Amino acid sequence: VKTIAIDEAQFFDKSVNDGERNLYDACNILRAKGYKIIITGLDMNHLGQPFGFMPELMAVADEVKKLKSICSVCLEDANMSLRLSQNDEEFQLGSGNEYQARCYRHWLEGIKEREEKKKEISSIKNLKKKEEVSLEEVDSELEEIENQDK
């Protein structure tokens, strides 16, 4: 049996230009030609939302195996990824320093903490705009909050 393996499938572009094919199309063509296709990737992004092509690929798969990690807080099974930085871009490649595997409970706690930090940073930036405090004080506050992420 001819086999093709694809890793990090969540990063493949869903959009196609005229006449081009995407990963979903390619997998269907290869499958029709008798290839066994193994695809790995994250099914949810750091916000717990479906990620890239994974939902569509999982829907048509002959078999789906969801692997789990270990929660970095309680050591129970983890199926969520918590982004530690305040970056809100959908795609941010990172190492172990930028993401943590979390169980749902600790992921939710992490999301709440992240939102609180964003509000804190936003309010400090607003103070900076109003010039109610010195720039040195604001920069010091922002640096302290950002260092808490590390």
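Engineer: Any chance you could explain the packing of aromatic side chains here in plain terms?
Structural biologist: For any pair of aromatic rings, the description consists of the separation of the ring centres together with the inter-plane angle of the planes. Applying the stated criterion to the full structure yields two aromatic pairs. Ring geometry for Phe-11 against Phe-51: centres 5.8 Å apart, planes inclined by 80 degrees, an arrangement best described as edge-to-face. Residue Phe-11 is located in the loop between strand S1 (3-6) and helix H1 (23-32), and its partner Phe-51 is located in the loop between strand S2 (36-39) and helix H2 (54-60); the two are separated by 40 residues in the primary sequence. When its relative accessible area of 5% is taken as the criterion, Phe-51 is described as buried. Relative to Trp-107, the ring of Tyr-104 has its centre 5.5 Å away and its plane inclined at 40 degrees; by these criteria the two rings are tilted. Of this pair, Tyr-104 and Trp-107 both sit in helix H3 (residues 104-130), three residues apart, roughly one helical turn.

Engineer: How should the pattern of salt bridges be read in this particular structure?
Structural biologist: Two side chains that carry opposite charge are able to pair once their charged atoms sit near each other. Inspection of the entire model under this criterion finds five salt bridges. Across the pair Glu-63 and Lys-65 runs a salt bridge, and its minimum N-O distance is 3.8 Å. Glu-115 is paired through a salt bridge with Lys-118; the nearest N and O atoms lie 3.7 Å apart. With Glu-115 and Lys-118 both in helix H3, this residue pair falls three residues apart, about one helical turn. On the basis of relative accessibility, which here comes to 25%, the residue Lys-118 falls in the partly exposed class.

Rules used throughout
- Residues numbered from 1 in each chain as written.
- Predicted model: local features only at pLDDT ≥ 70, side-chain atom pairs only at ≥ 80, totals over all residues.
- Heavy atoms only, no water.
- Phe/Tyr/Trp six-rings, centres within 6.5 Å; stacked < 30°, edge-to-face > 60°.
- Helix = DSSP H or I, 4+ residues; strand = E, 2+ residues; numbered from the N terminus.
- Buried < 20%, exposed > 50% of the residue type's maximum accessible area, 1.4 Å probe, protein only.
- Salt bridge = Lys/Arg side-chain N within 4 Å of Asp/Glu carboxyl O.

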